[in-house]
Amino acid sequence: MERRGDVLELRWADAEERLQGTLHPASPREGDPSMLSLHVGAFEGPEFTGPLTVTFHLKDSPAQQVTRTLQRDGVNWHTQVEFDEPGLYELEVRYQNTRLKVLTGHLTVAAQPLPPGLSWGILALSAGTALALGVRAMVRRVKASAPPSPPAAPAPLPVAPAETATATAPAASTVPPPDAASSQ
């Protein structure tokens, strides 16, 4: 298997036949459909008409496998495959013309990237946070570099107004003071 642009190219040959194929896209992702196209050509004798059996399974996990028997569609055999989880997959192609042929290859299925909306949201949040932290640091620097203001003089304590002398002296009265002798 060899990557050529956006396809993964499969090639194999022996004295009787050759197998050629492509998997598009070259870097499949979990949950996205991939298209596999195969062609078997005979060097001598009648043309191979099928069927082909294709199996995909996670390496070291043969219980989770997808097997399809393909019939010829025009010149090639085609199938669409969707991988359920990321990891290293083993591709096995089986067919029998004059004898049984089993070909294997490996391909890596990548995990699904973040949804575009979530990616933009994370980017906007990161930019907003960086902007807020930058403004905060700038305000701190401006406050630190400002000259200190002179200490303010302590405010005078409030003092009650001085009482005037007339306010404390008895008012002149026209009534004579009571006589001490008359009150007896």
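Scroll up to find the structure this text is about.
Given the structure is predicted, the values throughout are model-derived calculations rather than measurements.

**Description of the packing of aromatic side chains**
Taken as a whole and assessed by the stated rule, the structure comprises 2 aromatic pairs. An angle of 85° between the planes, with centres 5.4 Å apart, marks the rings of Phe56 and Phe83 as edge-to-face. With Phe56 in strand β5 (residues 52-58) and Phe83 in the loop between β7 (77-82) and β8 (87-96), the pair connects residues that are 27 residues apart, well separated along the chain. Given a relative accessible area of 4%, Phe56 falls into the buried group. An aromatic cluster of at least three residues, connected via ring pairs, comprises Phe56, Phe83 and Tyr89.

**Side note on a nonpolar patch on the surface**
A contiguous nonpolar surface patch, about 260 Å² in accessible area, is contributed by Leu131, Val135 and Val139. Among the secondary structure elements, Leu131 is positioned in helix α1 (residues 116-145).

**A few points about the pattern of salt bridges**
Overall, the coordinates contain 8 salt bridges when judged by the stated rule. Two residues, Glu16 and Lys101, come together in a salt bridge whose shortest N-O distance is 3.0 Å. Of this pair, Glu16 sits in the loop between β2 (7-13) and β3 (17-24) while Lys101 is found in strand β9 (residues 100-109), placing the two residues 85 residues apart along the sequence. The exposure class of Lys101 is buried, given its relative accessible area of 5%. With a shortest N-O distance of 2.8 Å, Glu17 and Lys101 are connected by a salt bridge. Of this pair, Glu17 sits in strand β3 while Lys101 sits in strand β9, and the two are 84 residues apart along the sequence. This pair shows no difference in class: Glu17 is buried, exactly as Lys101 is.

**As for the nonpolar core**
Residues Leu36, Leu38, Leu52, Phe56, Leu91 and Leu107 are the most contacted members of the largest nonpolar core, which totals 24 residues. Broken down by secondary-structure element, the contributors of at least two residues to this core are β2, β3, β4 (33-42), β5, β7, β8 and β9. When sequence neighbours within four positions are dropped, the list of residues in contact with Phe56 reads Leu36, Gln64, Gln65, Val66, Val81, Phe83, Glu90, Leu91 and Leu107.

**Observations concerning the sheet that holds strand β6 (residues 65-70)**
Spatial strand order, β6-β5-β8-β9: 4 strands in an open sheet with antiparallel pairing. Among the strands making up the open sheet, the edge pair consists of β6 and β9. Across this sheet, the average inter-strand angle for adjacent strands is 15°, counted without regard to direction.

The rules we used
Residues numbered from 1 in each chain as written. Predicted model: local features only at pLDDT ≥ 70, side-chain atom pairs only at ≥ 80, totals over all residues. Heavy atoms only, no water. Phe/Tyr/Trp six-rings, centres within 6.5 Å; stacked < 30°, edge-to-face > 60°. Helix = DSSP H or I, 4+ residues; strand = E, 2+ residues; numbered from the N terminus. Buried < 20%, exposed > 50% of the residue type's maximum accessible area, 1.4 Å probe, protein only. Patch = residues over 30% accessible without salt bridge, like charges linked within 9 Å, V, L, I, M, F, W, Y side chains within 5 Å. Areas by Shrake-Rupley, 256 points an atom, 1.4 Å probe, with all protein chains shown as cover. Salt bridge = Lys/Arg side-chain N within 4 Å of Asp/Glu carboxyl O. Core = buried A, V, L, I, M, F, W, Y, C linked by side-chain atoms within 4.5 Å. Contact = heavy atoms within 4.5 Å. Pairing = 2+ DSSP bridges. Axes fitted to C-alpha atoms, helices over the stretch in contact; angles between N-to-C directions.

Taken by themselves, the reported measurements are silent on function.
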